[in-house]
Amino acid sequence: MAAIILFRARQRRVLRRERVFRDRTNPIDKYDDVELLCKFRFSRQHILGLTDVVENQLIHVNRMGALPPVLQVCLALRFYATGSFQDVCGELLNVSQPTASRTISAVTQALLSLVPQGIRFPNQDEAELQKAKFYGIARFPGVFGCVDGTHIPIQSPPENEHEYVNRKNVHSINVQVICDGDMIFIDVVAKWPGSVHDARVLKESGIFNAMEQVNQPVRGYLLGDSGYMLRTWLLTPILNPLTRSEQQYNNSHTSTRSTVERAIGVCKRRWSCLRKLRLSPAKACDVITVCFMLHNRARRLNLPEPYDDESNNDNSSDDEDDDDNGNLHASERARTAAGKAERQRVINTYF
């Protein structure tokens, strides 16, 4: 009997897999700043600074502290920057796909805590500075921001799949963004499926409700395309300009509003995962919000824009005129009429 027990013990030792201690080379030490910017979109100093802010939320993510917080941040940044498969990103640090997935989720949740400070609406003094910057583009007065929608493709979700199919027959999240004259995003709404129209996304947003009040948080104009409703604070182009002044207004409007399209393009070049996210809608919305927040952080740090030879002109927003919808309620018609009057006043005064 003792011989049998001894034999089985020896057999278990033979079949037992030896523990492999992988060499996790720290990319912070391995690469210089140029390479770090290329691979992670931030330099050494800025990666360490970002890690310091979220470190307390990441210490206990992995068992036995196997992956230090700075490596967790690097892994997530690599995923955002490349949009590659998680196992491919994990290979950079010699970690498995499940570990990479848990790490990216944990870092994303930690970074979401920075969004209120990283993406915020301006106060009136800040808005006045932006008005001057926007006026310098094409002499359009009173503008403190431009609004647009962009579709971020995602994988087909298992539930309510049809709601995420946009007008281009692609599964997506319809993201509303507002940017200032520095191409910094001052508002991001990432929660609506791709089938929802831009106008509804705006109408259901907190910014819309705030700007519709008598005591607006900021006095000035937002510029939007013809897919949005016309308001005294939201100016859209004239679909069929008849006079020279109306044409000049449209030209200035187009040149000024292109700021938000360029900002979206720069953000998508910096964070290539936004070209398609292989995540559930809820996780995709979190990653999208974090990417726009990190774009703002990079802009404020004056980091160079990543080079990309692919076209990033964003034409994915809905561009349909809703001004003459016969089914508008009386209050909506009154607000649209007030918007038209304000737009005409701007044309008569400045163009």
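These figures come from a predicted structure and were not determined experimentally.

Draft legend 1. Inspection of the packing of aromatic side chains at higher detail. Per the stated rule, a full pass over the model turns up nine aromatic pairs. Ring plane angle 55° and centroid distance 5.7 Å describe the contact between phenylalanine 140 and phenylalanine 351, whose orientation is recorded as tilted. One end of the pair, phenylalanine 140, is in the loop between α9 (124–138) and β1 (143–153); the other, phenylalanine 351, is in the segment after α14 (330–350), with 211 residues separating them in the sequence. An identical accessibility class is assigned to phenylalanine 140 and phenylalanine 351; each is buried.

Draft legend 2. Summary view of α9. Between the first and last C-alpha of α9 there are 22 Å, a value that for 15 residues agrees with the 21 Å anticipated at 1.5 Å per step. Taken together, the buried positions of α9 are Ala127, Gln130, Lys131 and Phe134. Burial along α9 is one-sided: seen end-on, the buried residues are contained in an arc of 115°. Away from the buried face of α9 by more than 90 degrees, exposed residues Asp125, Leu129, Ala132 and Gly136 are located. Among the structural elements, β1, β2 (172–179) and α12 (244–270) are those in contact with the buried residues of α9. Looking one or two residues beyond α9, the residue adopting positive phi is arginine 139, at roughly 60°.

Draft legend 3. Representation of the environment of isoleucine 47 in the model. By the secondary structure assignment, isoleucine 47 is in helix α4 (residues 44–58). Overall, isoleucine 47 belongs to the buried group, its relative accessible area being 0%. Here the alpha-carbon distance between isoleucine 47 and valine 70, two residues 23 residues apart in the chain, equals 7.6 Å. Every residue in contact with isoleucine 47, bar those within four places of it in the chain, is listed here: Ile28, Leu36, Phe40, Phe42, Val70, Val73, Cys74 and Leu77.

Draft legend 4. Up close: the sheet that holds strand β4 (residues 221–223). Strand order in the open sheet made by the five strands is β3-β2-β1-β4-β5, with mixed pairing throughout. The sheet terminates laterally at β3 (185–193) and β5 (234–235), the two strands that pair on one side only. Here two bridges tie β4 to β5, and the two strands are oriented parallel to one another. Of the residues in β5, the one forming a bridge with leucine 223 is leucine 235. Against the sheet, helix α13 (residues 281–300) engages β1, β2 and β3, with an angle of about 170° to β3.

Draft legend 5. Quick look at unusual backbone geometry. The phi torsion at asparagine 94 lies on the positive side, around 60°, for a residue other than glycine. Its location among the elements puts asparagine 94 in the loop between α6 (86–91) and α7 (97–112). Non-glycine residue asparagine 169 carries a positive phi angle of around 65°. One can find asparagine 169 in the loop between β1 and β2. Owing to a relative accessible area of 64%, asparagine 169 belongs among the exposed residues under this scheme.

Draft legend 6. Here's a closer look at the pairing of β1. The buried count for β1 comes to 10 of 11 residues, which makes it a mostly enclosed element. The pairing of β1 with β2 spans eight bridges and is antiparallel. When the bridges of β2 are listed, isoleucine 152 appears paired with isoleucine 173.

Draft legend 7. Structural detail: the side chain of serine 252. By secondary structure assignment, the location of serine 252 is in helix α12. A distance of 2.6 Å separates a polar side-chain atom of serine 252 from the backbone oxygen of alanine 138. Contacts of serine 252, omitting those with residues within four sequence positions, involve Ala138, Arg139, Phe140 and Phe351.

Draft legend 8. Molecular detail of the side chain of glutamine 72. Tracing the chain through its elements places glutamine 72 in helix α5 (residues 69–82). Engagement of the side chain of glutamine 72 in a polar contact is seen with the backbone oxygen of leucine 58, the distance being 3.2 Å.

Draft legend 9. Quick peek at the environment of serine 226. Along the chain, the position of serine 226 falls in the loop between β4 and β5. Since its relative accessible area comes to 7%, serine 226 is described here as buried. Considered as a pair, serine 226 and isoleucine 238 are 12 residues apart in the sequence and their alpha carbons are 7.9 Å apart.

Draft legend 10. Molecular detail of helix α3 (residues 33–40). N-capping of α3 is provided by aspartate 32, with a side-chain oxygen placed 3.2 Å from the backbone N of valine 34. Phi turns positive, to about 70°, at arginine 41, one or two residues after α3.

Draft legend 11. Main features of the packing of α5 against α7. At a minimum axis distance of 9 Å, the contact between α5 and α7 shows a crossing angle of 90°. With respect to their mutual orientation, α5 and α7 come out roughly perpendicular. Contact residues: α5 offers Gln72, Val73, Leu75, Ala76, Phe79 and Tyr80, while α7 offers Ala100, Thr103, Ile104, Val107, Thr108 and Leu111. A breakdown of the residues in the contact of α5 with α7 according to their chemical character gives nine nonpolar, three polar and no charged.

Draft legend 12. Up close: the pattern of salt bridges. Scanning the model with the defined rule gives 13 salt bridges in all. Lysine 131 is the salt-bridge partner of glutamate 128, the closest N and O atoms lying 3.1 Å from each other. Here glutamate 128 and its partner lysine 131 are both found in helix α9, three residues apart, which amounts to about one turn of the helix. Taking the relative accessible area as the measure of exposure, glutamate 128 reaches 39% and is therefore partly exposed. With its nearest N and O atoms 3.0 Å apart, the salt bridge here joins arginine 299 to glutamate 305. What makes arginine 299 partly exposed here is its relative accessible area of 22%. The exposure class assigned to glutamate 305 is partly exposed, which follows from its relative accessible area of 39%. One connected set of salt bridges, linked through shared partners, spans Lys203, Glu212, Arg231, Glu332 and Arg335.

What counts, and where the lines are drawn
Residues numbered from 1 in each chain as written. Predicted model: local features only at pLDDT ≥ 70, side-chain atom pairs only at ≥ 80, totals over all residues. Heavy atoms only, no water. Phe/Tyr/Trp six-rings, centres within 6.5 Å; stacked < 30°, edge-to-face > 60°. Helix = DSSP H or I, 4+ residues; strand = E, 2+ residues; numbered from the N terminus. Buried < 20%, exposed > 50% of the residue type's maximum accessible area, 1.4 Å probe, protein only. Expected span 1.5 Å × (residues − 1). Arc of directions from axis to C-beta. Contact = heavy atoms within 4.5 Å. Pairing = 2+ DSSP bridges. Axes fitted to C-alpha atoms, helices over the stretch in contact; angles between N-to-C directions. Polar contact = N/O pair within 3.5 Å; in protein donor to acceptor, adjacent residues only side chain to side chain. Parallel < 35°, antiparallel > 145°, perpendicular 65-115°, else oblique. Nonpolar A, V, L, I, M, F, W, Y, C, P; charged D, E, K, R; others polar. Salt bridge = Lys/Arg side-chain N within 4 Å of Asp/Glu carboxyl O.

The values reported here are purely geometric and, on their own, carry no functional implication.
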